[in-house]
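Reading the structure
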Amino acid sequence: MRIEDHPVLEFKRGKKISFTYNGEKVEGYEGETIAAALHAAGVQVLSYSDRHRPRGFYCAIGNCSSCFMEVNGESNVKVCIEPLQEGMDVKTQKGKGEIV
Amino acid sequence: MKNVELLVIGGGPAGLCAAISAAEAGVDVLLAERDEWLGGQLVKQTHMFFGSEKQHASVRGVDIGKLLVKKVEEYKNVEVMKNATVLGLYEDRVVTIQQDGNYVKVNPKSVIITTGASEKTLVFPNNDLPGVYGAGAVQTLMNVYGVKPGNKVLMVGAGNIGLIVSYQLMQAGVDVEAIVDASPNIGGYLVHASKIRRMGVPILTRHTVKEAIGKEALEAAVIWELDDKWQPIPGSEQKLDVDVMCISVGLTPLSELLWQIGCKMEFVGELGGFVPTRSDKLQTSLDGIFVAGDVAGVEEASSAMVEGSLAGLSASSYLGYKIDVVKELERDYLNQLNDLRSGPVGEKIRQGLAKALISEQAANPGQGS
Amino acid sequence: MLEKTGVPTKEQIDSAFPSEERMKKGPFVVVECFQKIPCNPCFTACNRDGIKAFEDINDLPDVDHDNCNGCTLCVSKCPGLAIFVVDMTYSEDKALLKIPYEFLPLPQEGDRVMGLSHGGEEVEKVEVIKVQNPKGFDKTPVISLAVSKDKVKVIRSIKVPKERDRSEDEIVCRCSDVTLEEVRELIRTGHTTFDEIKKISRIGMGPCQGRTCSQLVIREIASITGQDPSSLLPGTYRQIVKSLEMGKVIEALEKEEQENK
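All values reported here derive from a predicted model rather than from experimental measurement. (Residues numbered from 1 in each chain as written. Chains lettered and ligands numbered in written order. Predicted model: local features only at pLDDT ≥ 70, side-chain atom pairs only at ≥ 80, totals over all residues. Heavy atoms only, no water.)

Residue and element names in this part refer to chain A. Here five strands make up an open sheet; going across it, the order is β2-β1-β7-β5-β6 and the pairing mixed. What marks the edges here is a single partner per strand, and that holds for β2 (24–29) and β6 (74–78). This sheet shows a mean twist of 40° between the axes of neighbouring strands, independent of strand direction. Examined bridge by bridge, strand β1 (residues 16–21) and β2 share six bridges and lie antiparallel to one another. Each bridged residue has a counterpart across the sheet, and for I17 the counterpart in β2 is G28. (Pairing = 2+ DSSP bridges. Helix = DSSP H or I, 4+ residues; strand = E, 2+ residues; numbered from the N terminus. Axes fitted to C-alpha atoms, helices over the stretch in contact; angles between N-to-C directions.)

Right, here's the structure in full:
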């Protein structure tokens, strides 16, 4: 799902880093968001709403609430703008999530 | 509390130009940007811009962004705060900002609000399925991160954004199955429409989405035709095998901060929704509070840049910085705006602005000009 | 029509072309810009007054074809990619058409690609003569195509196969080295019987006499024209089925003559 050749843009990707998605190891690049890395890995469903409806991202610029996931144990992280970091633990969020 | 002369909120085309123009006049500027980078939505505009040389016509938006960022960074009197979301604008002019998770208070003498706009959306069955994305989101994923949104796309909306994003999808190697628009005519520039059409993509006016189909993510979309009263025609349904649906049905000004501080707001459909009333030099109903770009009325980025420069100049004058060429510059900016808006495609904007413009005196009671 | 589908009308396209007389004189620009928008880089790009100064930036470009020499400077500068260059004097039967093209893969010089109309329909195969992509064009390459003269108002884009088209490397006739693409092109241009194809391409006239290729040709005719292969006639079979030295014929004749004496 990554664009390799583009007529106008050149993508300079950072170094490869790995993180876990629901316990499974996934790879992404430094400098991209969690949502971008997941999408490139073929993951579209980021959360399930209160009524158990699957949700992906919608605006990708942090305006809406469609992309909330549980990251390193914290709920309601907007993964469309959250930079990916080595070793992150990313989980599908169900409902409104746990607010500790 | 941090005291500053001028706070510019938003580092998109309008904000960057506002910061440059005020810094040039000698003002100390604080520029707050919510993203980690400057340039706003310019970073994903891979197409050449329209307009004239003064607005960098025929240069790609992404390159215009780089030009402006470089210029801003050259000024020692501009401080840039990135990853800094303005949370609130209070009546006593105190501004609260969240930067990198921290809470910061700022006390500016003047503010230019250039927060831009957000995308409108549509309601239809399963409109929340993963795979149904805002056009801007698809642009970000593709042009900022180099990730394809999917393989086959239905574009909903044939305004400039819908047409441009369709073209960019094709450049990224993604198939666009069709572009639908409920209007009887294509809303965007026809040259954009033609360059997509000649690559074989059908543009279906008077068509809209009936429903999205899929279990965990989008698997297909059903479109149907509308009659001349905008009512769907039963039996006209077509099912398209697409894994992405891109919603591009216009923008609306991102105006929360203006409401918070108490600017007079007016609903102007032609400008995308509620906009602040303002003088021709972009001061709102409140002294020292200026606006520029899409938050003042949704338009092209070319106008946003000129408005930014004009607002920067107005704020400088308000703060007491007198530069010799102020009248000349003002005239130039106003002429540029007039040129960009004077043609047939600017008609809607002109009508909208007529409703939002107030005279200098009314905008600024007690001070005159 | 344009405002509903993105496809300009015939009248609009005609209006972008100069007089017949001017067309005969050499390359010229075709500006298919039919909507007033605030935009003037075409004027800024032109250094010979081929596009007149704009009184109002919203004006449509005012082209002076007498000043224009088809230099192509404006083609990559138009944000709407609405400018093309046509040269009717390119050759006896072909015109040169230059188009802006911002997709990958770019075609290569010498490629034969499908020409597309304003509406994206396939028109005819065209030869790529030149691919210009210098830094100054800022990632808007200009592709020069040899197109039939009557198609200069019709072709506006090209379809470049994502995977390189290998049909040029697919050989139908080993005797005369005829490729599948050449056979298909003949069928598409109306040569729909084996004999017609044989007479033009020499397929079936070589040492194998059609034993290797005729089935392949028949299959292609059937698939492109939609006919049932069983209804298609093979070519005319002529004597002889295998090559033979002329000397042997003469030898045989001489022998026969002597026996008859």
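In this section: the packing of helix α3 (residues 135–144) of chain B against helix α4 (residues 160–171) of chain B. All names here are of chain B. One can describe the packing of α3 onto α4 by two numbers: an axis separation of 10 Å at closest approach and a directional angle of 30°. Judged by the inter-axis angle, α3 sits roughly parallel to α4. Crossing angle aside, the handedness with which α3 passes α4 is left-handed. Judged by residue contacts, A135, V138, Q139, M142 and N143 of α3 engage I161, I164, V165, Q168 and L169 from α4. Looking at the contact of α3 with α4, its residues break down into seven nonpolar, three polar and no charged. (Parallel < 35°, antiparallel > 145°, perpendicular 65-115°, else oblique. Left-handed = near helix turned anticlockwise from the far one by under 90°. Contact = heavy atoms within 4.5 Å. Nonpolar A, V, L, I, M, F, W, Y, C, P; charged D, E, K, R; others polar.)

Attention shifts here to the packing of aromatic side chains. Here the structure, examined in full by the defined rule, presents nine aromatic pairs over all chains. Among the aromatic residues, ring-to-ring pairing joins B:Y167, C:Y101 and C:F103 into one connected group. Positioned above the aromatic ring of A:Y29 is the side chain of A:R13, whose terminal nitrogen or guanidinium carbon lies 5.8 Å from the ring centre. One residue, C:K153, lies across the ring of C:F17, its end atom 4.9 Å from the ring centre. (Phe/Tyr/Trp six-rings, centres within 6.5 Å; stacked < 30°, edge-to-face > 60°. Lys NZ or Arg CZ within 6 Å of the ring centre and 35° of its normal.)

So, on to the pairing of strand β3 (residues 78–81) of chain B. The two faces of a sheet get side chains in turn, since along a regular strand they alternate between them. Pairing geometry for strand β2 (residues 29–32) of chain B and β3(B), over four bridges, is parallel. Bridge pairing links B:L31 to B:V80 in β3(B).

Here we come to the interface of chain B and chain A. On the chain A side, the residues contacting the 38 residues of chain B number 29 residues. Surface buried jointly by chain B and chain A totals about 2,800 Å² across both partners, of which 56% is contributed by carbon and sulfur atoms. When the area that chain B buries against chain A is broken down by residue, the three leading residues are B:D128, B:Y133 and B:Y145, summing to 20%. The closest approach of N and O atoms between B:D128 and A:R55, which form a salt bridge, is 2.8 Å. (Buried area = accessible area lost by both parts, 1.4 Å probe. Salt bridge = Lys/Arg side-chain N within 4 Å of Asp/Glu carboxyl O.)

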